[in-house]
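# Structure assessment
Here are the chains, one letter per residue:
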Amino acid sequence: MTSARAVSLVAKREFVTKVRTRSFLIGTAVIIAVLAGYVVLQSVLFDDQQRSVVGLSGQATQLADPLREKARAFGIDLETRDVTTAGNAEQEVRDGGLDALVTGAPPELKMIVKGSGDEILTTALNDVLRQQVLIAQLAESGTTPQEVAQSLANVKVDVTALEPVDPQRGQRLAIGLIVAALLYYSLLVYGTMVAQGVVEEKSSRVVEILLATVRPWQLLLGKVIGLGAVGLLQLLVISTVGLGLSSAFDVVDVGALGGAALLTGVLWYLLGFFLYATVFAAAASLVSRQEELQSVLTPISMTIIVAFVAGINLMIGSPSGPTVTVLSMLPPFAPILMPGRMALGVAPAWQVVLSVVLALLAIAAITWLGGKVYANAVLRTGARVKLREALKL
């Protein structure tokens, strides 16, 4: 049997076995449900932040149209209601039915809110009030508002932006964080799954039967490819559903950002998984029982956890800072940090290329070293094999 055939059979066995398990199906469904809840929550919170309900009482009802127009200029979808009595309206403010109650007549308007009130809404109301007072004073002097508006039409401040703000930065940051979280989950879960499979086969002596047919490196590569394909399938399903929900609820501009984020996630999942899965498998081959597995996996898991936790904080705080820039190009951290920086649009092409090249070199080195450890230790049962002994054999 050729090497390609042997690797293919092992990979197919691992893939089919894991995909058919209830844990894979239930786990995927739970993640999709959580992601759907997050998208819906973000959509509701975004709508609530952009919508306000204001009650107008007495002569203040005349301000309904200019107030809605001004609020629209500030990005607020304002709904105005003509309330009958101020007493009942104040109770609606207390109960949350109204965001604010406006009473009185210009120039002495009064706004009643439950707490501190919305600063943007207050600013919009102040602008409308000033505009109404100005119109009244112009009428008294015999000058029409149209004449004043025409003379002021071309008067504006010339603004020069040293660092123009990306209007999609918020969406890019959200996508970057989600991609980092999915990659963190996939690398940690499926890397551990590779390790558990190695120990299971070793403890049950199944590996002895398998190695009678295939070589150790073929078994290791097939296991990594098969379980990697399972993780990739789950990642694609979750990402596709997430992008569809985000588009349906207008949370993310999928057309401009979603496709690139998905391709970036797939690239770095493949690089990260081959980097870490081989290390997981080699480390697992040093022990013979599941109870001992955690002790050898802890250093590897901690590297992924530190990369994720540090990456989240650094990307939120300073995605272009020197610390996150350097870490995002180093192989242990690149699969978590670089996709997020790419989604944010702050990673130059040369940094991306360099991080990919370094990751490929690390994969080659780790595959050779991990394959040697696996081949030398996988058939040794009983006491834990020391790494130094596995490398000497």
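The structure displayed is predicted, hence computed values, not measured ones.

## Let's talk about the packing of helix 11 (residues 293-317) against helix 13 (residues 334-344)
The description of two helices packed together rests on the angle between their axes and the distance between the axes. Close contact between helix 11 and helix 13 brings their axes to 9 Å; oriented N to C, the two are set at 25°. Relative to helix 13, the element helix 11 is oriented roughly parallel. Relative to helix 13, the crossing made by helix 11 is right-handed. Contact with helix 11, carried on its side by Ala-307, Phe-308, Gly-311 and Met-315, involves Ile-336, Leu-337, Gly-340, Arg-341 and Leu-344 of helix 13 and no other residues of that element. A per-class count over the contact of helix 11 with helix 13 returns 6 nonpolar, 2 polar and 1 charged.

## Some words on the packing of helix 13 against helix 14 (residues 349-377)
Packing of helix 13 against helix 14 brings their axes to within 11 Å, and their N-to-C directions diverge by 160°. Accordingly, the angle class assigned to the pair helix 13 and helix 14 is roughly antiparallel. The crossing of helix 13 and helix 14 is left-handed. Judged by residue contacts, Met-338, Arg-341 and Met-342 of helix 13 engage Gln-351, Val-352 and Ser-355 from helix 14. Residue classes in the contact of helix 13 with helix 14 are distributed as 3 nonpolar, 2 polar and 1 charged.

## Section: the packing of aromatic side chains
Going through the model one piece at a time under the given rule, you end up with 2 aromatic pairs. When the centroid spacing of 5.6 Å and the interplanar angle of 25° are considered together, the rings of Tyr-269 and Phe-273 count as stacked. Here Phe-273 and Tyr-269 lie together in helix 10 (residues 254-284), a separation of 4 residues that amounts to about one turn. Here Tyr-269 matches Phe-273 in class, with each residue buried.

## Observations concerning a nonpolar patch on the surface
On the surface, a nonpolar cluster with roughly 270 Å² of combined accessible area is contributed by Ile-26, Val-30 and Val-34. Considering the arrangement of structural elements, one finds Val-34 in helix 2 (residues 22-49).

## Things to note about the side chain of Glu-14
Relative to the assigned elements, Glu-14 resides in helix 1 (residues 3-19). Judged by relative accessible area, Glu-14 falls into the buried class, the value being 7%. In this structure Glu-14 touches Glu-201, Gly-222, Lys-223, Gly-226, Leu-227 and Val-230, once residues within four positions along its chain are discounted.

## Structural notes on the side chain of Gln-351
Along the chain, the position of Gln-351 falls in helix 14. According to the relative accessible area criterion, Gln-351 is buried, its value standing at 7%. Of the polar contacts made by the side chain of Gln-351, one reaches the side chain of Arg-341; its length is 2.9 Å. Here Gln-351 is in contact with Thr-325, Met-329, Met-338 and Arg-341, once residues within four sequence places are set aside.

## A word on helix 14
The terminal C-alpha atoms of helix 14, which comprises 29 residues, lie 41 Å apart, in line with the 42 Å expected from a rise of 1.5 Å per residue. Of the positions making up helix 14, those classed as buried are Gln-351, Val-352, Ser-355, Val-356, Ala-359, Ala-362, Ile-363, Gly-370, Gly-371, Val-373, Tyr-374 and Ala-377.

## Here we look at the environment of Ile-300
Of note, Ile-300 is situated in helix 11. The sequence separation of Ile-300 and Phe-280 amounts to 20 residues, and the corresponding C-alpha distance is 7.3 Å. Residue contacts for Ile-300: discarding those within four places in its chain leaves Tyr-276, Val-279, Phe-280 and Ala-283.

## Quick notes on the UniProt feature "transmembrane region" (unreviewed entry) in the protein chain
The positions UniProt marks with the feature "transmembrane region" (unreviewed entry) are residues 21-41, 173-199, 220-246, 266-287, 296-316 and 349-370. Overall, residues 220-246 shows 100% helix and 0% strand. The separation of its end C-alpha atoms is 38 Å. Here residues 296-316 runs as 100% helix and 0% strand, with 32 Å between its end C-alpha atoms.

## Quick notes on helix 13
It helps to recall that an α-helix has 3.6 residues per turn; residues three or four apart then point in one direction. Taking burial as the measure, the 11 residues of helix 13 include 10 buried ones, the bulk of the element. Gly-345, located one to two residues past helix 13, shows a positive phi value of around 75°.

## Brief notes about the environment of Leu-210
Relative to the helices and strands, Leu-210 is located in helix 8 (residues 206-210). Note on Leu-210: relative accessible area 23%, which makes it partly exposed. Once the C-alpha coordinates of Leu-210 and Val-10 are considered, the two residues, 200 residues apart in sequence, prove to be 9.4 Å apart. The residues touching Leu-210, leaving out its near neighbours within four places in the chain, are Glu-201 and Leu-219.

## Digging into the nonpolar core
If you look at the biggest cluster of nonpolar residues, it comprises 65 residues, and the most contacted ones within it are Trp-268, Phe-273, Leu-293 and Leu-297. Those elements giving two or more residues to this core turn out to be helix 1, helix 2, helix 7 (169-203), helix 9 (216-248), helix 10, helix 11, helix 13 and helix 14. No other element matches helix 7, which puts 13 residues into this core. Discounting chain neighbours no more than four positions away, the residues touching Trp-268 are Leu-183, Ala-334, Pro-335, Met-338, Pro-339, Met-342, Ser-355, Val-356 and Ala-359. Ranked by size, the runner-up nonpolar core spans 16 residues in total, among them Leu-56, Ala-100, Leu-109 and Leu-121.

The rules behind these values
- Residues numbered from 1 in each chain as written.
- Predicted model: local features only at pLDDT ≥ 70, side-chain atom pairs only at ≥ 80, totals over all residues.
- Heavy atoms only, no water.
- Axes fitted to C-alpha atoms, helices over the stretch in contact; angles between N-to-C directions.
- Helix = DSSP H or I, 4+ residues; strand = E, 2+ residues; numbered from the N terminus.
- Parallel < 35°, antiparallel > 145°, perpendicular 65-115°, else oblique.
- Left-handed = near helix turned anticlockwise from the far one by under 90°.
- Contact = heavy atoms within 4.5 Å.
- Nonpolar A, V, L, I, M, F, W, Y, C, P; charged D, E, K, R; others polar.
- Phe/Tyr/Trp six-rings, centres within 6.5 Å; stacked < 30°, edge-to-face > 60°.
- Buried < 20%, exposed > 50% of the residue type's maximum accessible area, 1.4 Å probe, protein only.
- Patch = residues over 30% accessible without salt bridge, like charges linked within 9 Å, V, L, I, M, F, W, Y side chains within 5 Å.
- Areas by Shrake-Rupley, 256 points an atom, 1.4 Å probe, with all protein chains shown as cover.
- Salt bridge = Lys/Arg side-chain N within 4 Å of Asp/Glu carboxyl O.
- Polar contact = N/O pair within 3.5 Å; in protein donor to acceptor, adjacent residues only side chain to side chain.
- Expected span 1.5 Å × (residues − 1).
- UniProt positions renumbered as here; feature names shortened; annotations may be inferred.
- Core = buried A, V, L, I, M, F, W, Y, C linked by side-chain atoms within 4.5 Å.

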